[in-house]
Amino acid sequence: MKLVPLGDKIVLKQLEAEETTKSGIVLPGQAKEKPQEAEVIAVGPGGVIDGKEVTMQVEAGQKVIYSKYAGTDVELDGEKFIIVKQNDILAIVEA
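Residues numbered from 1 in each chain as written. Predicted model: local features only at pLDDT ≥ 70, side-chain atom pairs only at ≥ 80, totals over all residues. Heavy atoms only, no water.

1. Some words on the overall build of the chain
- Summing up its helical and strand segments, the chain has zero helices and eight strands in all.
- With 95 residues in all, the chain has 23% of them scored as buried.
- For the chain, contacts bridging at least 24 residues in sequence account for 65% of all contacts bridging at least 6.
- Per element, the accessible surface of the chain, about 6800 Å² overall, is 51% carbon and sulfur. (Helix = DSSP H or I, 4+ residues; strand = E, 2+ residues; numbered from the N terminus. Buried < 20%, exposed > 50% of the residue type's maximum accessible area, 1.4 Å probe, protein only. Contact = heavy atoms within 4.5 Å. Areas by Shrake-Rupley, 256 points an atom, 1.4 Å probe, with all protein chains shown as cover.)

What follows is the structure, encoded as structure tokens:
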């Protein structure tokens, strides 16, 4: 199956949080916070949303930072995804 977002929605796949800090400290399960970095899987077409023209500014394959409490969690074929509005994307991570 494939998720195809509508309007200004974006499908994200959350990146795995590191389990050790840079200094080598291993973090237990409870201490780990949900990472806010994700990979863009699919992007909606944009268009006129609530009377305003919306052009999509991210593309599939990019890594982004999104708002902490944004989006809807979805599980499809055993994989977990997050669907957010473009406004919930805070930044694009460039290497």
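2. With respect to the layout of surface pockets
- What the largest pocket holds in volume is close to 310 Å³.
- Along the walls of the largest pocket sit 16 residues, with Asp8, Val54, Lys85, Gln86 and Asn87 positioned nearest its centre.
- Contributions of two or more residues to the lining of the largest pocket are made by β4 (52-54) and β8 (89-93).
- Sort the elements by how many residues they give to the lining of the largest pocket and β8 lands first, with four residues. (1 Å grid on protein atoms, 1.4 Å probe; cavity = no way out; pocket = protein on both sides within 12 Å on 5 of 7 lines; lining within 4 Å. Points joined across faces, edges and corners; volume = space filled by probe spheres on them.)

3. Concerning the sheet that holds strand β1 (residues 9-14)
- A sheet is described by the order of its strands in space; here six strands give the open sequence β6-β7-β1-β2-β5-β8, paired in antiparallel fashion. Of all the strands in the sheet, the pair left with one neighbour each is β6 (72-76) and β8. Strand after strand, the sheet turns through a mean of 45 degrees between neighbouring axes, direction not considered.
- Alignment of strand β2 (residues 37-43) against strand β5 (residues 63-66), held across three bridges, turns out to be antiparallel. Residue Glu39 lies in a different strand from β5, and its bridge partner there is Lys63. (Pairing = 2+ DSSP bridges. Axes fitted to C-alpha atoms, helices over the stretch in contact; angles between N-to-C directions.)

4. Concerning the pairing of strand β7 (residues 79-85)
- Where β1 and β7 come together, four bridges link them in antiparallel fashion. Paired with Leu12 across the bridge in β7 is Ile82.
- As defined by bridge partners, β6 adjoins β7 across five bridges and the pair is classed as antiparallel. The partner of Val74 across the bridge, within β7, is Phe81.
- Counting the residues in the hairpin turn of β6 and β7 gives two residues, including Asp77, whose phi is positive at 55 degrees.

5. Describing the packing of aromatic side chains
- Considering all chains together, one arrives at zero aromatic pairs under this definition.
- Above the plane of the ring of Phe81 lies Lys13, whose end atom (NZ or CZ) is 5.5 Å from the centre. (Phe/Tyr/Trp six-rings, centres within 6.5 Å; stacked < 30°, edge-to-face > 60°. Lys NZ or Arg CZ within 6 Å of the ring centre and 35° of its normal.)

Keep in mind these values describe shape, not function.
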